[in-house]
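Each chain, written out:
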Amino acid sequence: MSSRPPIPFHRPAIGEREIEAVVQTLRSGWITTGPRVKELEESFARYVGARHAVAVNSGTAAIHLGLLAAGLGPGQAMLTSPLTFPATTEAAIYCGAEPLFADVDPSTLNIDPDQVAAVLERDAERKRIRALVPVHYAGQPCAMERLLPLAARFGLAVVEDAAHALPAWRRMPSASSGPVPTHVPAAPAGESWRMVGTIGDFTAFSFYATKTITTAEGGMVTCDSEAGAELLRSLRLHGLSGDAWKRYRAEGSWRYDVARTGYKDNMPDVLAAIGVEQLKRADELAAARRRLVALYREALAPVEDRVLLPSTDERSAHAWHLFAIRLRESSWRNAVIEELRGAGIGASVHFIPVHLHSFYAETYGYRRGDFPVAEAAFESLISLPLWPGLTDDDVMYIARTLRRLLDARTSAAR
């Protein structure tokens, strides 16, 4: 065991402004969904360049309500990546739909457009698949310039799982007047950088504790449709019509109508207060992640013969939610994670492919071998700590420890 203080896998970047914002909200007398939620929604919509942003109480709720608003229902199916957290697929099940998968690209680990096309061709007669859910793995946007035409061709709604992807951009063959990244080259003529949150029909973000910005628990759905946004607002709070929280304010009325079956997915003001302050720091926090990634790359360059570092796509501006490496000798993975933890380093794995979990195997008949690229990636993946409070010395210690462990195993294998 190292004498150094342990390095956790993640620690949220909460400062005095966030703490004071929560205190002020508690003292205001209004702690559930109210003015701070509205402030966060308006600020978030401006930040990503979307017309509407609707706050909810988790990233899972954001995907679920996005799918409902997109029209997914019983007897239908959703197509997504197997390399994601089960929240993505559970959201489809909540809608009464079946989760289906297309394998991932071996370089980016995002859903492979060629595999998507193959699955959609097989489904063309039955037309069960009604929604495509690209998962922007680790913070790198999917190849949306290829996925959107496929969705249009097969009549699918696109609901992006952007739990990892704030702030992130994709270079698209279109004009855009939204926010543009300043840390990547300008887009060539005929293309523009589109921020994740403005590309699909609906985009679901997570504000869980490990994300670029956090509200402790929470999420957001963005869209450009006025009707879609109104539906989301109704769905998140029991199907109530109108601005339900105003019922308890002087300008409100006790009258309300339940227009549809809804859910208890609203975000309280106490959490939104954290998010308002975190969003002000989003660029700063994202820049800190990029700097740490550059340090990792430099420090791990000597072992690139044994470690596959995460790739970056020239068409993407990466959010770097995760720094997920892959060991070229996958049989070492489990032992290396335990040894890292023994050295006080919080390492993890993102993710166990969804189809390998017992529920999905037993319910839908999935088996090992169904999605070989995702499975092979999983066997070798290790996520190293990546959060803005990490010091340069922390990163160097993590890299030195990993290099030492790999050197020892390499020597033992000779």
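Here the structure is shown first, and the text comes after it.
Model, not experiment: these values are computed from the prediction.

Thresholds, definitions, all that
Within each chain, residue numbers correspond to sequence positions counted from 1 in written order. Given that this is a predicted model, residues contribute local features only at a pLDDT of at least 70 and side-chain atom pairs are listed and counted only at 80 or more, while totals for whole chains, interfaces and linings are drawn from all residues. As a rule here, side-chain values come from all non-hydrogen atoms in the structure, and water together with hydrogens is ignored. Strands here are runs of E lasting at least two residues and helices are runs of H or I lasting at least four, both read from the DSSP assignment and numbered beginning at the N terminus. Only C-alpha atoms enter the radius of gyration; for comparison, a globular chain is expected to reach 2.2 Å times N to the power 0.38, where N is the number of residues. Only protein chains enter the area calculation, which uses a 1.4 Å probe; residues under 20% of their type maximum are buried, those over 50% are exposed, and those in between are partly exposed. The contact criterion used is simple: two residues touch if any of their non-hydrogen atoms lie within 4.5 Å. Each accessible area value is a Shrake-Rupley result obtained with a 1.4 Å probe; residue values ignore everything except the protein chains displayed when judging cover. Two residue types count as positive, namely Lys and Arg, and two as negative, namely Asp and Glu; His and chain ends fall outside the count. A charge is said to be at NZ when it belongs to Lys, at CZ for Arg, at CG for Asp and at CD for Glu. Site definitions follow a grid-based scheme: protein atoms alone, a 1 Å grid, a 1.4 Å probe that fits but cannot get out for cavities, and for pockets an open set with protein on both sides within 12 Å along at least five of seven lines, plus lining residues having an atom within 4 Å of a point. Grid points are joined across faces, edges and corners, and a volume is the space filled by probe spheres set on the points. Amino acids are sorted into nonpolar (Ala, Val, Leu, Ile, Met, Phe, Trp, Tyr, Cys and Pro), charged (Asp, Glu, Lys and Arg) and polar (every other residue, Gly among them). Only rings of Phe, Tyr and Trp enter the pairing, Trp through its six-membered ring, and a pair is recorded when the two centres are within 6.5 Å. The plane angle decides the type: under 30 degrees is stacked, over 60 is edge-to-face, the rest tilted. By definition, being over a ring means that NZ of Lys or CZ of Arg is both within 6 Å of the ring centre and within 35 degrees of the ring normal. A pairing counts as a salt bridge when a side-chain nitrogen of Lys or Arg comes within 4 Å of a carboxyl oxygen of Asp or Glu. Any N or O atom pair separated by 3.5 Å or less is treated as a polar contact, with the protein-specific requirement of one donor-capable and one acceptor-capable atom, and with residues adjacent in sequence counted only for side-chain atom pairs. One requirement defines pairing of two strands: DSSP has to find at least two bridges between them. The axes are straight lines fitted to the C-alpha atoms, using for helices just the contacting stretch, and the angles between their N-to-C directions are given from 0 to 180°. Roughly parallel means an angle under 35 degrees; roughly antiparallel means over 145; roughly perpendicular covers 65 to 115; every other angle is labelled oblique. Counting rule for disulfides: a pair of cysteine sulfur atoms within 2.5 Å. Throughout, the arc means that of the directions going from the helix axis to the C-beta atoms.

This part takes up the overall build of the chain. On a plain count of helices and strands, the chain comes out with 13 helices and 13 strands. Taken against the 2.2 N^0.38 rule, which gives 22 Å for 414 residues, the C-alpha radius of gyration of the chain at 22 Å falls within 12% of a compact globule. With the principal axes as the frame, the chain shows a C-alpha extent of 75 × 55 × 50 Å. Within the chain, buried positions represent 55% of all 414 residues. Of all intrachain contacts in the chain linking residues separated by at least 6 positions in sequence, the fraction that spans at least 24 positions is 73%. Total accessible area on the chain is roughly 17500 Å²; 52% of this is exposed by carbon and sulfur atoms. A gap of 2 Å separates the mean positions of the 46 positive and 48 negative side-chain charges of the chain.

Let's shift gears to empty space enclosed by the protein. Using the criterion set out here, one finds 4 cavities of 30 Å³ or more in the structure. By volume, the largest cavity is sized at about 110 Å³. Its residues placed into classes, the lining of the largest cavity shows 8 nonpolar, 5 polar and 1 charged.

Attention now moves to the packing of aromatic side chains. Tallying each qualifying case throughout the model produces 13 aromatic pairs. Look at Trp-320 and Phe-323: their rings are 6.2 Å apart centre to centre, the planes differ by 40 degrees, and that puts the pair in the tilted class. Owing to a relative accessible area of 0%, Phe-323 belongs among the buried residues under this scheme. Grouping aromatic residues by their ring pairs yields a cluster made of Phe-101, Phe-359, Tyr-360, Tyr-364, Tyr-366 and Phe-371. Over the ring of Tyr-397 we find Arg-4; its NZ or CZ atom is 4.4 Å from the centre of that ring. Between Arg-333 and the ring centre of Phe-378, over which it is positioned, the NZ or CZ distance is 5.0 Å.

To continue, consider the pattern of salt bridges. For the structure on display, the rule yields 22 salt bridges. The shortest N-O distance in the salt bridge between Arg-315 and Glu-145 comes to 3.6 Å. Highlighted residues: Arg-315 in the loop between strand E10 (307-308) and strand E11 (316-317) and Glu-145 in helix H6 (residues 144-154), separated in sequence by 170 residues. The pair formed by Arg-315 and Glu-145 is uniform in burial state, with each residue classed as buried. Here Asp-407 makes a salt bridge to Arg-306, at a shortest N to O gap of 2.8 Å. Taken together, the residues span a long stretch of sequence, with Asp-407 in helix H13 (residues 392-413) and Arg-306 in the loop between helix H9 (282-300) and E10 at a distance of 101 residues. With relative accessibility at 38%, the residue Asp-407 sits in the partly exposed group.

For the rest of this paragraph, the subject is the side chain of Thr-33. Mapped onto the secondary structure, Thr-33 falls in the loop between helix H1 (16-28) and helix H2 (35-48). According to the relative accessible area criterion, Thr-33 is buried, its value standing at 7%. One polar contact links Thr-33 to Asn-266, side chain to side chain, over a distance of 2.7 Å.

Taken as a whole, the largest pocket encloses approximately 560 Å³ of empty space. Elements represented by at least two residues in the lining of the largest pocket include exactly helix H3 (59-69), helix H4 (87-94) and strand E8 (202-206). Residue classes in the lining of the largest pocket are distributed as 12 nonpolar, 13 polar and 3 charged.

It is worth spelling out the sheet that holds strand E7 (residues 192-195) at this point. Think of a sheet as strands paired side by side through backbone hydrogen bonds, with each pair either parallel or antiparallel. Strand order in the open sheet formed by 3 strands is E7-E6-E11, with antiparallel pairing between adjacent strands. Each edge of the sheet is formed by a strand with only one pairing partner; in this case those strands are E7 and E11. Bridge count between strand E6 (residues 169-172) and E11: 2 bridges; the pairing is antiparallel. Each bridged residue has a counterpart across the sheet, and for Arg-170 the counterpart in E11 is Ser-316.

Let us look at the packing of helix H5 (residues 113-123) against H6. Packing of H5 against H6 brings their axes to within 10 Å, and their N-to-C directions diverge by 10 degrees. Classified by the angle between their axes, H5 and H6 sit roughly parallel to one another. Between H5 and H6, the residues in contact are Pro-113, Asp-114, Val-116, Ala-117, Leu-120 and Glu-121 and Arg-146, Leu-147, Leu-150, Arg-153 and Phe-154, respectively. Looking at the contact of H5 with H6 residue by residue, the class counts come to 7 nonpolar, no polar and 4 charged.

Turning next to the state of the cysteines. Taken as a whole and assessed by the stated rule, the structure comprises 0 disulfides. In this structure Cys-95 is not part of a disulfide, and its nearest cysteine sulfur, from Cys-223, lies 16 Å away.

The subject of this paragraph is the pairing of strand E9 (residues 219-223). The element E9 is extensively covered by neighbouring structure, given that 5 of its 5 residues are classed as buried. Residues Gly-219, Val-221 and Cys-223 line one face of E9 and the alternating positions Met-220 and Thr-222 line the opposite face, and both faces are buried. Here E8 runs beside E9; their pairing, made up of 4 bridges, is antiparallel. Within E9, the residue paired with Thr-203 across the bridge is Thr-222.

The subject of this paragraph is the pairing of E6. Burial along E6 is two-sided: the face carrying Trp-169 and Arg-171 and the face carrying Arg-170 and Met-172 are both buried. Relative to E7, E6 is paired through 4 bridges, and the arrangement is antiparallel. Across the sheet, Met-172 pairs through a bridge with Ser-192, a residue of E7.

The complete set of buried residues in helix H10 (residues 333-342) reads Arg-333, Val-336, Ile-337 and Leu-340. End-on view of H10: buried residues confined to an arc of 100 degrees, all on one side of the axis. The exposed set on the far side of H10, more than 90 degrees from its buried face, consists of Asn-334 and Glu-338. Once H10 ends, the next one or two residues include Gly-344, with phi positive near 85 degrees.

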